[in-house]
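Observations on the three-dimensional arrangement
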Amino acid sequence: MNTYNNTMTKTQLKYEIRRLAREKNAIIMAHYYVDGAVQDVADFIGDSLALAQQAAKTDAKIIVLCGVHFMGETAAILCPDKKVLVPDENATCSLAESCPADEFAFFVKAHPGYTVVSYVNTTAATKAVTDVVVTSSNARQIVESLPEDAKIIFGPDQNLGNYINSLTGRNMLLWNGACHVHARFSVEKILELKRLYPAAKVLVHPECKGPVVKLADKVGSTAALLKFAIADEAKEFIVATESGILHEMQKKAPQKTFIAAPPDDSTCACNECEYMKLVTLEKVYACLRDEQPVVSVDKEIAAKAVKPIERMLELSK
Ligand code: 13P
Ligand code: SF4
């Protein structure tokens, strides 16, 4: 367990993190959902696809993956010769956990002849029984690249699966999983915000439930929502995804107003992933200093999981 003695200011911490990263030839990569201060200290910020692509091509010796555990695993699988660190090993993902590898393997075995498409939000062991991995950025494109008559299993996110079925006309067999953060957005709360901000456009991540997705002016991955918010002529946006993305939206489009859609079960103004928020500046510093925790993936599992991940990267070029 890394320890950190609480004597440095945020500015000193950021300075020390950058110094250690330079000295150790480390790249700090962050997902849009982590705390804004961690995003600010990163070399690279991206969505799940961009993080995997960046990991695959970096020549740094150490990768510090500021995100959740499956993101660290994906980097470790793609870069077996590098040291991959995650600031907090407890940063897991409810969606990945909604698909235990043994149960998924049993489900796959019960459906011979099916092509298995898995969302990147899965453990390495689940990826090991997968034919091709997708992210929210490329799921449509990859599913459409499969033969029209292919029988497909899609796991674990049923909301994303339903959305891709609706776009492609496919009838994929869906695993019954969900992200507890995205599943919490509600039509009622978004309509309440629409009454307050009638000109606002609604941005929705496809992990949200179908009725919420139907309200969207733009549905997409975090990177796609960010790109839309920057380019679109609207001045106000209601954002239905984890609220960490607002940090980069506000930075890239400071003249625009971004309103975080709240979860259905609270009066709190934003919807946060508590796993992503475990990643703090203090932990990034301690993890770079001590070079731990290191992400390790069982060799046999990694050898199987790398194939569907590489297939995804190939199909996303
Ligand atoms: P993207 O990074 O593909 O937008 O996915 C969001 C997410 O839930 C990551 O955990
Ligand atoms: Fe997992 Fe949802 Fe958190 Fe993303 S937001 S890491 S899918 S629990």
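Okay, so let's go over this structure. (Residues numbered from 1 in each chain as written. Chains lettered and ligands numbered in written order. Predicted model: local features only at pLDDT ≥ 70, side-chain atom pairs only at ≥ 80, totals over all residues. Heavy atoms only, no water.)

**Focus on the site of ligand 2**
Around ligand 2, the neighbouring residues are Tyr 33, Val 68, Cys 93, Ser 94, Asn 121, Cys 179, His 180, Glu 207, Cys 273 and Met 276. Taken atom by atom, the bulk of ligand 2 overlaps the largest cavity. Here the shell around ligand 2 is built from residues that sort into 6 nonpolar, 3 polar and 1 charged. (Near = heavy atom within 4 Å. 1 Å grid on protein atoms, 1.4 Å probe; cavity = no way out; pocket = protein on both sides within 12 Å on 5 of 7 lines; lining within 4 Å. Sits in = over half its atoms within 2 Å of the grid points. Nonpolar A, V, L, I, M, F, W, Y, C, P; charged D, E, K, R; others polar.)

**A short note on the site of ligand 1**
As a structural note, the neighbourhood of ligand 1 is formed by 13 residues, with His 31, Ser 48, Ser 136, His 205 and Thr 222 the closest of them. Take His 31: an N or O atom from its side chain is 2.7 Å from an oxygen atom of ligand 1. One nitrogen or oxygen atom from the side chain of His 205 is found 2.9 Å from an oxygen atom belonging to ligand 1. Coverage of ligand 1 by the protein chains reaches 96% of its 300 Å² of free accessible surface. Given that more than half its atoms are within 2 Å of the pocket grid, ligand 1 belongs to the largest cavity. (Polar contact = N/O pair within 3.5 Å; in protein donor to acceptor, adjacent residues only side chain to side chain. Areas by Shrake-Rupley, 256 points an atom, 1.4 Å probe, with all protein chains shown as cover.)

**Focus on the pattern of salt bridges**
Applying the stated criterion to the full structure yields 15 salt bridges. Note that Glu 16 is salt-bridged to Arg 19, the shortest N-O span being 2.5 Å. Placement of the pair is Glu 16 and Arg 19 together in helix α1 (residues 10-24), with a separation of 3 residues, close to one helical turn. Residue Glu 16 is classed as buried on the basis of its relative accessible area of 18%. Across the pair Glu 242 and Lys 277 runs a salt bridge whose closest N-O atoms are separated by 2.9 Å. Of this pair, Glu 242 sits in the loop between β11 (236-240) and α13 (245-252) while Lys 277 is found in the loop between β12 (257-260) and α14 (281-290), placing the two residues 35 residues apart along the sequence. Here Glu 242 falls in the buried class, since its relative accessible area comes to 0%. Take Lys 277: its relative accessible area is 23%, and that puts it in the partly exposed class. (Salt bridge = Lys/Arg side-chain N within 4 Å of Asp/Glu carboxyl O. Helix = DSSP H or I, 4+ residues; strand = E, 2+ residues; numbered from the N terminus. Buried < 20%, exposed > 50% of the residue type's maximum accessible area, 1.4 Å probe, protein only.)

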